[in-house]
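A closer look at the structure
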Amino acid sequence: MHGFSIADHFRRNLETAMNTKLLAAGLAVFASQAAADTPTLTVLTYDSFTSEWGPGPAIEKGFEATCGCDVKFVTAGDGAALLARVKLEGKDSKADVVVGLDTNLTADATATGLFAPVTATPNTLPVPFTDPNFVPFDWGYFAFVYDKTKVATPPTSFTELAASDLKVVIEDPRSSTPGLGLVLWVKQAYGDKAPQIWGDLADNIITVTPGWSEAYGMFTEGQADMVLSYTTSPAYHLIAENDDTKAAASFTEGHYMQVEVAGKLASSQQPALADQFLAYLTADAAQTALITTNWMYPAKTPAEGLPKGFETLIQPSKSLLMSAADAEAARAPAIAEWQAALSR
Amino acid sequence: MASRALPLSPAHGLSIAIAALILGSAAMVAARAESFALAPADWQAVRFTLLQASLSAAISSLLAIPVARALFRRRFAGRGVLIRLMAAPFVLPVVVAVMGLLTVFGRGGPVNAALAGLGLPEVSIFGLHGIVLANVFFNMPLATRMLLHGWQSIPSERFRLAQSLGLPPSAQFRHLEAPMLRAQVPGIFAVILLICLASFAIALMLGGGPKASTLELAIYQSLRFEFDLGRAALLAAVQFTLCAAITLAAAGLTLPQGFGAGLGRTMQIAVPTGWRRGADGLAIALAALFLFAPLLAVVIKGLPGMLALPNGVWPAVVRSVSVAALSAVLATAVALVLATGAARSKSRSIELAAMLPLAASALVLGTGLFLMVRPFVTPETVALPITVLVNATLTLPYLFRLLLPEARQVQTDYGRLTASLGLPRRTVLRFVTLPRLARPLGYGAGLAAALSMGDLGVIALFAGDGGATLPLFVQHLIGAYRLQQAAAVSLILVAVSFALFLGFDRLGSHYADA
């Protein structure tokens with residue numbers, strides 16, 4: 001029923017009940033004023049954010065309870081599709097807030113000039129975060145997830161993985177954000193030696209999938225020993241399924257991070273409401289909801305801490321993350337290196 | 001008659017509308033581009049796309065010949081069920097089907113277990129052979145069904161004549177079956193080639209790495225990640241050119257069968273016995289095993305989750321079924337007009353227009369439509385009507401391809417007679433065309449409905465929070481790690497798609513046999 005405001009409903013009922021032209025005209029004015037009093041905040045986000053199992057429903061309910069507004073979600077695929085959608089709509093976008101880009105995309109997003117500056121929010125990220133246009137709302141470490149009952153001694157680095165005969169499934173950096181994260185991970189950890197690492201990994205990679213869903217599905221079906229996912233993935237199996245057989249392998253090179261951010265469009269007609277939403281998104285209630293719906297770390301650990309089970313997750317010794325500008329500059333050459341090394 | 005008097009027949013009008021929709025959406029994308037250039041890897045992608053598509057099309061069409069022939073000649077318990085079930089792989093959503101194939105041919109599957117039992121090394125499904133395997137799984141049943149229609153279109157009187165002349169099977173093949181194959185196979189090969197040309201997820205999931213890059217992936221990358229509209233438009237142009245070339249080449253190779261009209265009766269014809277009987281049995285058994293083992297895997301995987309279905313699955317079923325049924329009806333009506341129009345017309349323009357959607361990238365089409373409608377309406381509010389339009393357009397070529405040979409046959413057999421009688425076109429349609437086309441119409445409408453149930457990739461661009469279709473619902477479940485529920489909902493998706501297909505198909509056979 002979202003997007004169908006109470007004012008509309010009210011107007012329709014009254015219009016059918018009373019039939020005089022004058023009254024209807026008077027009511028139309030009244031109703032449009034009522035509608036203006038209940039503004040709609042349009043949130044552009046990725047698909048899984050708004051699903052029944054995503055954070056969307058709780059955040060919508062929570063924010064609507066305080067803002068006196070109607071939250072309307074518009075979805076577009078994943079993080080990358082989101083940015084494409086913003087560019088496609090340009091200056092006359094109806095969206096006010098964009099939720100779900102990651103820091104590998106923010107430089108590109110900023111360059112469009114479509115985003116407005118936002119007020120920084122407090123965060124507990126393991127690395128310093130500053131971006132005048134975006135606030136982080138959750139984050140995670142990329143990691144190779146495996147089944148403890150099948151892999152007794154997981155590799156502790158990319159080189160060990162390359163030397164093993166373990167089979168892994170990864171995502172394509174040209175079509176998915178985890179895939180891009182992996183390529184930047186190897187690039188930041190190995191720099192000029194990255195092509196060498198990819199060459200060595202080639203015989204471990206059984207296939208490259210278009211997105212995370214396909215890769216994770218293949219892993220759970222037993223087609224691969226490991227899958228590129230997040231250090232927080234085992235928490236889902238532990239907490240929601242009471243299954244403690246999944247774990248993430250800790251790599252000595254450190255783990256690359258994915259920081260998901262939200263921003264406000266400069267074209268928004270309701271900048272104050274948009275700011276209010278960003279503040280809500282990064283405060284305790286929404287942050288708590290995000291942990292067990294997105295299965296990521298909250299940008300700011302809520303007062304009651306993390307849910308039980310998260311203490312079992314691996315803690316990377318080193319957090320890797322390129323700045324937005326570095327990630328933007330590294331993206332195309334790193335993908336080309338990856339492609340060349342794996343096409344041989 | 002009327003076809004000459006009218007400057008623009010309905011078929012030509014529809015052809016122009018389809019071309020405008022497909023080319024117009026690509027033009028909308030191109031109009032927003034800032035520069036036009038292909039990436040160096042794009043030509044490699046074109047080569048790989050052509051390689052995997054031609055291998056897949058050739059193997060699918062060749063394997064379908066013995067299977068269709070065996071199914072045509074033999075009668076056995078469960079034959080009807082088998083023929084209907086053969087459509088199932090084609091209507092499976094790609095991701096579901098690939099998971100089924102992995103269960104059978106992948107690591108720890110029965111095929112590798114059998115190899116290990118024989119002391120042979122494990123075979124990986126990933127690579128070019130995996131892509132071809134999956135494409136054959138999807139398309140061989142389609143080819144078989146199209147060829148079966150071909151065999152059934154040879155008037156049974158001809159077979160009786162051949163028998164009374166005492167022609168041995170080889171001569172019967174040369175005089176009756178070979179001309180039919182000559183008429184049908186180029187079109188079937190072309191249609192499968194075009195389907196495989198646009199395949200995106202199969203090549204990406206089973207290809208084993210970036211070597212297996214396809215055109216559609218390059219389009220996806222340029223639209224989604226790089227927002228390089230110029231490159232996307234150029235790639236779409238390459239795809240259109242390939243499609244046009246393939247369609248025209250296939251049309252040029254196709255010869256009319258020219259058997260003359262039969263009475264349209266089904267007669268049991270005597271079939272060869274001996275080793276041919278065994279060979280037919282083997283062809284049917286192998287095809288059934290190859291097609292049904294992965295399906296069985298999908299069913300087995302989906303069952304455990306059926307007890308705890310997530311909320312919201314039934315509204316999604318209703319939404320998907322409505323979209324699918326509307327798309328199928330729309331596509332069938334358009335295909336009928338185009339096929340009968342093309343059968344009457346000498347030029348290839350209608351045929352080309354009807355095949356054009358096969359070359360359209362769903363993503364380019366969706367993006368173009370998005371740009372077209374956005375100045376007028378909020379895209380989310382028209383998500384379902386747009387999906388119906390796009391699904392109908394994208395499924396049109398399959399329907400057209402199914403109808404065209406038989407529409408031509410009707411034209412050859414009855415065209416002059418109905419013209420000399422001066423029958424109005426509506427009468428011809430009702431008493432001559434429709435009864436003869438009922439079978440492929442029903443089958444085609446079923447295919448179109450089932451294909452529309454699967455995600456044709458456009459709804460995601462338009463979706464608001466108004467509610468997901470079934471394939472999007474499955475995506476949401478997987479995205480939330482709920483793989484068991486996702487498997488169960490996939491099974492529902494498969495079952496509903498197949499039920500829709502069966503409904504339309506039965507309707508068609510019912511009218512054909514009546």
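Residues numbered from 1 in each chain as written. Chains lettered and ligands numbered in written order. Predicted model: local features only at pLDDT ≥ 70, side-chain atom pairs only at ≥ 80, totals over all residues. Heavy atoms only, no water.

We now examine the overall build of chain B. Within chain B, the secondary structure is distributed over 22 helices and zero strands. Rg of the C-alpha trace for chain B: 23 Å, near the compact-globule value of 24 Å for 514 residues, within the 12% margin. Here chain B holds 514 residues, and 58% of them are scored as buried. Contacts in chain B between residues at least 24 apart in sequence constitute 86% of all its contacts with a sequence separation of at least 6. In the form shown here, chain B has an accessible surface area of approximately 20,400 Å², with 68% of it arising from carbon and sulfur atoms. (Helix = DSSP H or I, 4+ residues; strand = E, 2+ residues; numbered from the N terminus. Rg over C-alpha atoms; globule rule 2.2 N^0.38 Å. Buried < 20%, exposed > 50% of the residue type's maximum accessible area, 1.4 Å probe, protein only. Contact = heavy atoms within 4.5 Å. Areas by Shrake-Rupley, 256 points an atom, 1.4 Å probe, with all protein chains shown as cover.)

It is worth spelling out the state of the cysteines at this point. For the coordinates displayed, the defined rule picks out one disulfide over all chains. Put simply, Cys-67 of chain A and Cys-69 of chain A are joined by a disulfide, and their sulfur atoms are 2.1 Å apart. The sign of the S-S torsion, about -85°, decides the handedness of the disulfide formed by Cys-67 of chain A and Cys-69 of chain A: left-handed. Across this residue pair, the class does not change: Cys-67 of chain A and Cys-69 of chain A are buried. Here Cys-243 of chain B is not disulfide-linked; the sulfur of Cys-196 of chain B is the nearest cysteine sulfur, at 13 Å. (Disulfide = S-S within 2.5 Å.)

Here the focus is helix H8 (residues 128-153) of chain B. Here H8 of chain B spans 36 Å end to end across 26 residues, near enough to the 38 Å set by a 1.5 Å rise per residue. Maximal helix bending in H8 of chain B amounts to about 35°, located at Asn-139 of chain B; proline Pro-141 of chain B follows within four positions. (Expected span 1.5 Å × (residues − 1). Bend = angle between axes of the 7 residues up to and from the residue.)

Once that is clear, we can look at the domain arrangement of chain A. Note on interface size: it is often stated as the accessible area lost on association of the parts. Residues and elements named next belong to chain A. Split by domain assignment, chain A resolves into domain 1 (6-139 + 258-298) and domain 2 (140-257 + 316-343). When each unit is reduced to the centre of its C-alpha atoms, the spacing between domain 1 and domain 2 is 31 Å. Domain 1 puts 17 residues into the contact, and the matching count from domain 2 is 25 residues. Summed over both sides, the interface between domain 1 and domain 2 buries roughly 1,800 Å², with carbon and sulfur atoms accounting for 63% of that surface. In terms of surface lost to domain 2, no three residues of domain 1 exceed Asn-104, Gln-258 and Trp-295, which account for 42% of the buried area on that side. Run the count over domain 1 and domain 2 and you get one salt bridge. The salt bridge partner of Arg-331 is Asp-108, with a shortest N-O separation of 3.8 Å. The interface formed by domain 1 and domain 2 holds five residue pairs in polar contact (both at pLDDT 80 or more) in total. Put simply, the parts of the chain that give the side of domain 1 that touches domain 2 at least two residues each are helix H5 (106-111) and strand S10 (255-265). Top element by residues in the side of domain 1 that touches domain 2 is H5. It accounts for three residues. A class-by-class count of the residues in the side of domain 1 that touches domain 2 yields ten nonpolar, four polar and three charged. (Domains from an automatic or database assignment. Buried area = accessible area lost by both parts, 1.4 Å probe. Salt bridge = Lys/Arg side-chain N within 4 Å of Asp/Glu carboxyl O. Polar contact = N/O pair within 3.5 Å; in protein donor to acceptor, adjacent residues only side chain to side chain. Nonpolar A, V, L, I, M, F, W, Y, C, P; charged D, E, K, R; others polar.)

Here the focus is the packing of helix H3 (residues 40-73) of chain B against H8 of chain B. All names here are of chain B. Between H3 and H8, the least distance of the axes is 6 Å, while the angle of their chain directions is 40°. Here H3 lies oblique to H8, going by the angle between them. Where H3 crosses over H8, the handedness of that crossing is right-handed. A breakdown of the residues in the contact of H3 with H8 according to their chemical character gives 20 nonpolar, eight polar and one charged. (Axes fitted to C-alpha atoms, helices over the stretch in contact; angles between N-to-C directions. Parallel < 35°, antiparallel > 145°, perpendicular 65-115°, else oblique. Left-handed = near helix turned anticlockwise from the far one by under 90°.)

Between chain A and chain B, the residue contacts involve 61 residues of the former and 52 residues of the latter. Summing both sides of the interface, chain A and chain B together bury roughly 5,000 Å²; the carbon and sulfur share of this comes to 58%. Contact with chain B buries surface across chain A, with Trp-53, Leu-88 and Arg-174 of chain A losing the most and accounting together for 17% of the total. Across the chain A-chain B interface, the total number found is three salt bridges. Asp-92 of chain A is the salt-bridge partner of Arg-374 of chain B, the closest N and O atoms lying 2.8 Å from each other. Viewed at the interface, chain B and chain A are joined by 14 residue pairs in polar contact (both at pLDDT 80 or more). Contributing elements (two or more residues each) for the side of chain A that touches chain B: strand S2 (70-75), helix H4 (79-89), helix H7 (177-190), strand S7 (205-209), helix H9 (212-220), helix H10 (233-241) and helix H13 (324-343) of chain A. Residues belonging to the side of chain A that touches chain B are distributed by class as follows: 22 nonpolar, 21 polar and 18 charged.

Residue and element names in this part refer to chain B. Here chain B is partitioned into domain 1 (1-31 + 309-514) and domain 2 (39-256 + 265-302). Between the C-alpha centres of domain 1 and domain 2 the distance comes to 21 Å. Counting residues at the interface gives 42 residues for domain 1 and 41 residues for domain 2. Between domain 1 and domain 2, a total of about 3,800 Å² is buried, with carbon and sulfur atoms accounting for 76% of that surface. The interface formed by domain 1 and domain 2 contains two salt bridges. Among the ionic pairs, Asp-505 bridges to Arg-84, the shortest N-O distance being 3.2 Å. At the surface where domain 1 touches domain 2, the tally comes to three residue pairs in polar contact (both at pLDDT 80 or more). Mapped onto the side of domain 1 that touches domain 2, the elements with two or more residues apiece are helix H2 (10-31), helix H16 (349-359), helix H17 (362-373), helix H18 (383-421), helix H19 (425-453) and helix H22 (483-513). The biggest single contributor to the side of domain 1 that touches domain 2 is H22, with 13 residues. When its residues are assigned to classes, the side of domain 1 that touches domain 2 shows 30 nonpolar, five polar and seven charged.

All names here are of chain B. Here chain B averages 84 in pLDDT, and 92% of its residues register 70 or above. Note on residues 1-5: pLDDT is under 50 here. Beyond four places in sequence and across chains, it has six contacts. What the predictor reports for the complex is a pTM of 0.83 with an ipTM of 0.80. (pLDDT = per-residue confidence, 0-100.)

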